Structures are given as structure tokens and as C-alpha cells.
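Okay, here's what each chain looks like letter by letter:
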Amino acid sequence: MRVSDLFIYPLKSARGIAIPSATIDAFGLIGDRRAMLVDPSGHFITQRELQDLARIDIQPGPSHLRLKMEGKADIIVPPPHPENRMEVDVWKSVVNASVADDETNKALSAWLGREVKLVFFDSFAKRIANPEWAGAETPVTFTDGYQILITTTGSLKALNADLAAHGEGSVGMERFRPNIVIDCDEDWPEDRWAAIEIGGIRLDLVKPCARCIMTTQDQKTGSRDVPNPIPAMGRVRMSADRRVPGPLFGWNAVPRGEGSVKIGDNVTVIEERPQGWAFKRR
């Protein structure tokens, strides 16, 4: 098995960036979900409630960020002042984040038709993954909960086979917003992987990823008038374990080392969970 694709999402819930290689540290892939939009109260905003986030491209630069949206003038974002900060929430976590300048926030609010602020996970921000799954003191940025999301091509093929059998079209891997995509022929092998190794880095697969309405949205336009993978996941991937309810696709992983990975790297399974994961059967 090999790594077939790598992605980072510098702005949470905006468009992803395909990359040929990545550096991994304790937080996950460098550059992944280091920025986020929040409402005036500091509550995080995603495509779940603001579909237009799928239309935003982010281009990281040496010092400034460039935000792009079709039909809009680019926004050049200078580095935030480290003392300009606010408390923001991501699910059950509260993070002290740095805040973009007023001009950037006004421009983004005009783009999206509502008041928003752009915040950053800088060197002063702190957040820890759920220790019940990830172990003690594993740091995360603005991800939904864990450091790295892993998917496999074999599992996407199996999901699309069920969609096709029911005349429901097909979906691409971008719907699931993975960081690391592994090329393999088998259906759902990741359910048995407790740990894998890529580029000398151990990655513990700690928790399957429950999927939401974002998987039903086109990741370039935000439209929901596209094939919907939720019914197929309900048929073949509905969790029977109450700790992680709902339809599952992909696994959350925690890096246990630092280094680099690249497309084409070999993937080795170094520890398995023979029991896999429990699913409801129809």
C-alpha cells in the first residue's frame, strides 16, 4: 500500500490544498487548520451552516495569506498581532486565538453576508485532543477533534459501488476532507488498523470519523444539489457502537513522532485490532 494523496486545509472548512509532501509534528500536518472563521461571540463557523466557505481558496505565503473567492477582490491578510486575541470555541474546546486585523474581518464579512472574524492558532494557542481516545496531552489545532484524518481508496470504491447499485451517483474523496489517502484494493481495511507507519512515523488510528451534512456538499461550490453519500453510509457504515454514533467514513489518527511523508510512500500496518468496528447490518 502507498500514499496516493495528501491534503491540508489551512482555513477550517474552506477548500483544501493537494500537496506532494507534508511535514508532520505533534499537531498533525504542518499548515492544517491553523485558521478559522468565528462569529462575534467566538463560536466556530463551518460549511454546516455557511456553505459558501467551500468557495474560499486560501494561499499561504511566507508572511501574508491570500484569500480568493470567485467574483470578489482578493483579500491579503497580514500576520495578526499576537496581542489581539479572543476566546473561541471549537466543539467543546475553548482556545485563546489571535485575531486578524479589522480590514480583513470587514472584507470577509462583506464576502459572506454576515459578521465574521478570522482567527489563528498561533504559538500561544493551546488545545488538547480527547484523552479517552488520543491519550494524554496530544495537541490539536482547529480540527474537529484529532490530528490527522486517514481514508483509503478501496473504501471509497466500496461506498460508490453501493451508491451506484441504488442509482444514487458517485462521490469523490474530497467530500470526506482527508489529510492522508492510502491506495489499497481492499474494502474498509482501516477498521482493523490500530497503527500504521509512513515515512518512519507511527500513526495510531484511534477513533472512526462520524460523518455529517458536509459530505453532502460540493467542495468547490457548497451546493447540496449533488449526489449524497449519507444514504449509502447509512446502509453499509452505520456504527453499532454508541460511543461513536452515526455513519462512519475514515479514521482519526494521532502521530507518535515527527518527520515527513510524501505521495508514493509505503504504508505498513504495524498493529491490528482483530475485532474491527461494530456496524449495524440491514
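What counts, and where the lines are drawn
Residues numbered from 1 in each chain as written. Predicted model: local features only at pLDDT ≥ 70, side-chain atom pairs only at ≥ 80, totals over all residues. Heavy atoms only, no water. Helix = DSSP H or I, 4+ residues; strand = E, 2+ residues; numbered from the N terminus. Buried < 20%, exposed > 50% of the residue type's maximum accessible area, 1.4 Å probe, protein only. Pairing = 2+ DSSP bridges. Axes fitted to C-alpha atoms, helices over the stretch in contact; angles between N-to-C directions. Salt bridge = Lys/Arg side-chain N within 4 Å of Asp/Glu carboxyl O.

**Student:** Hey, could you run me through unusual backbone geometry in this one?
**Tutor:** In terms of backbone geometry, most residues other than glycine have negative phi values and most peptide bonds are trans. A positive phi is found at Glu 137, a non-glycine position, where the angle reads about 55 degrees. Relative to the helices and strands, Glu 137 resides in the loop between helix H2 (131–134) and strand E13 (148–152). With a relative accessible area of 61%, Glu 137 lands in the exposed category. Here Arg 177, not a glycine, exhibits a phi torsion of approximately 50 degrees, which is positive. On the secondary structure map, Arg 177 appears in the loop between helix H3 (153–165) and strand E14 (180–183). Judged by its relative accessible area of 9%, Arg 177 falls in the buried class.

**Student:** I'm lost on the sheet that holds strand E8 (residues 65–68) in this one. Help?
**Tutor:** As summarised here, the arrangement of the 3 strands in space is E7-E8-E9, forming an open sheet in which the pairing is antiparallel. With one partner strand each, in any of the chains shown, strand E7 (57–60) and strand E9 (75–77) form the two edges of the open sheet. Averaged over all pairs of adjacent strands, the angle between their axes in this sheet comes to 20 degrees, without regard to strand direction. Summarising the sheet, E7 and E8 pair through 4 bridges and their orientation is antiparallel. Paired with Gln 59 across the strands is Arg 66, a residue of E8.

**Student:** I keep staring at the pattern of salt bridges and nothing clicks. Help me out?
**Tutor:** Two side chains that carry opposite charge are able to pair once their charged atoms sit near each other. Summed over all chains, the structure comprises 17 salt bridges. Close ionic contact of Arg 235 with Asp 162 constitutes a salt bridge, the shortest N to O distance being 2.7 Å. With a gap of 73 residues between them, Arg 235 in helix H4 (residues 230–236) and Asp 162 in helix H3 connect regions that are remote in the sequence. By relative accessible area, Asp 162 is classed as buried at 14%. The shortest N-O distance in the salt bridge between Glu 271 and Arg 202 comes to 2.8 Å. On the criterion of sequence distance, the pair formed by Glu 271 in strand E19 (residues 267–272) and Arg 202 in strand E16 (residues 201–210) is long-range, its members being 69 residues apart. Via salt bridges that share partners, Arg 202, Asp 204, Arg 256 and Glu 271 belong to a single interconnected network.

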